[in-house]
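Results of the structural survey
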Amino acid sequence: MTPSPRANQKNPVVLIHGLDDTPAKMSVMKRFLEKKGWTAEAIALSPSNGDVGLVVLAQQLADFIDERLGEYPFIDLVGFSMGGIVGRYYVQRLGGIHRVQRFLTIASPHHGTWTGYLRQNPGASQMRRLSLLLQDLNYEVAMLKQLKFTSIWTPFDLMIVPANSSQVPVGDDIKIPVLLHPWMVSDRRCLKAVAEQLRK
């Protein structure tokens, strides 16, 4: 089991973007956290359009962490949308549970989204309601109690449908009424909440 984080302990933070995004999507959050004293790294998942499954992307995340942050025993993760599910697979299935102390997801489809049916590729399929991958992760969702887990979401989300799919029955649940899904990673209220959770 990963040791509990100490309050105000600033681990390096890995930022994981969402579907069709690049690390630039996380640039506002990266700058915000760096100004607050964190080391923040934004991974480039490739391809990010769903043409490969989320397991492939999770392995990219594992490799990125080993290569870029291998010297650090513990890290924190912040995943946006698809990035939150990629992060969950890393934590729950690729050994990340032993390194990650704080894990925040922002507007992630933990229970799937009906918009996953808009594409017929592997990544999108794994974000559909009742997908096998999500059922597998949610069957052992209690694993997330071993770290400080937070889900941040908006009730107005039109990408994560229904919006409460972003809720998880463990950890902290933070609802912020941001009007559009893409704005979640740049909204000042969300940035403040991320910093507060990373200090706990």
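The paragraphs below set out a description of the structure included in this document.

Calculation notes
- Residues numbered from 1 in each chain as written.
- Predicted model: local features only at pLDDT ≥ 70, side-chain atom pairs only at ≥ 80, totals over all residues.
- Heavy atoms only, no water.
- Axes fitted to C-alpha atoms, helices over the stretch in contact; angles between N-to-C directions.
- Helix = DSSP H or I, 4+ residues; strand = E, 2+ residues; numbered from the N terminus.
- Parallel < 35°, antiparallel > 145°, perpendicular 65-115°, else oblique.
- Left-handed = near helix turned anticlockwise from the far one by under 90°.
- Contact = heavy atoms within 4.5 Å.
- Nonpolar A, V, L, I, M, F, W, Y, C, P; charged D, E, K, R; others polar.
- Buried < 20%, exposed > 50% of the residue type's maximum accessible area, 1.4 Å probe, protein only.
- Pairing = 2+ DSSP bridges.
- Right-handed = clockwise from strand over helix to strand, strands pointing away.

At a minimum axis distance of 11 Å, the contact between helix α1 (residues 27-35) and helix α6 (residues 188-199) shows a crossing angle of 50°. Considering the angle they form, α1 stands oblique to α6. Crossing of α1 over α6 shows right-handed handedness. Together, Val 28, Met 29, Phe 32 and Leu 33 of α1 and Arg 188, Leu 191, Lys 192, Val 194, Ala 195 and Leu 198 of α6 make up the contact between the two elements. Partitioning the contact of α1 with α6 into residue classes produces 8 nonpolar, no polar and 2 charged.

As a further point, take the pairing of strand β2 (residues 40-43). Burial along β2 is two-sided: the face carrying Ala 40 and Ala 42 and the face carrying Glu 41 and Ile 43 are both buried. The pairing of strand β1 (residues 13-16) with β2 spans 4 bridges and is classified as parallel. Across the sheet, residue Val 13 finds its bridge partner in β2, namely Ala 40. Crossover connection from β1 via α1 to parallel β2: handedness right-handed.

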